[in-house]
Amino acid sequence: GIPDDRELRDGDIVNVDITSILEGYYGDLNETFVVGNNVAQEVKDLIKCAHDSLMLAVAACKPGARYRDLGDIISAHVKKCGFQVDRTYCGHGIGETFHHAPSIPHYAGNKAKGIMKAGHCFTIEP
């Protein structure tokens, strides 16, 4: 979770989530890191699976694509890896405000509304 008094230990994973504001526009990015050398293979596999599902979803982004389709792409890859998508988190629009429409669910069969258009700025966060 958010930093506390617990020291990081060999085998932990850390997700660094950064928000910036430049000239009135928000940016949002995160990256996951492993701590030390004794990280379980399943943890490494999960991190790789999440990254690869993100790249597959990004590759599908283009004007005319439906936001809801990203969830199908992500879920299919995650399922092939033997994991499941956490339905409580989603991507979101960013720009002059933070966490605004569209919502980008990462699970299959979602009912997200909207079609991508040139100039849309949003996050995908599997």
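The preceding data block contains the structure.
Residues numbered from 1 in each chain as written. Predicted model: local features only at pLDDT ≥ 70, side-chain atom pairs only at ≥ 80, totals over all residues. Heavy atoms only, no water.

Some points on the pairing of strand β4 (residues 98-105)
No. 1: Relative to β4, strand β3 (residues 90-94) is paired through five bridges, and the arrangement is antiparallel. Bridge assignment links Ile94 to a residue of β4, and that residue is Phe98.
No. 2: Here β3 folds back onto β4 in antiparallel fashion, the turn holding three residues. (Pairing = 2+ DSSP bridges. Helix = DSSP H or I, 4+ residues; strand = E, 2+ residues; numbered from the N terminus.)

So, unusual backbone geometry
No. 1: Pro102 follows Ala101 through a cis peptide bond whose omega is 5°.
No. 2: Here Pro102 is to be found in strand β4.
No. 3: Of note, His99 is a non-glycine position whose phi angle comes to about 60°, a positive value.
No. 4: When you line up the elements, His99 lands in strand β4.

Digging into the packing of helix α1 (residues 41-59) against helix α2 (residues 68-80)
No. 1: Contact geometry of α1 with α2 gives a least axis separation of 9 Å together with a crossing angle of 145°. Judged by the sense of rotation from one axis to the other, the crossing of α1 with α2 is right-handed. Contacts between α1 and α2 involve Cys49, Asp52, Ser53, Leu56 and Ala57 from the former and Leu70, Ile73, Ile74, His77 and Val78 from the latter. (Axes fitted to C-alpha atoms, helices over the stretch in contact; angles between N-to-C directions. Left-handed = near helix turned anticlockwise from the far one by under 90°. Contact = heavy atoms within 4.5 Å.)

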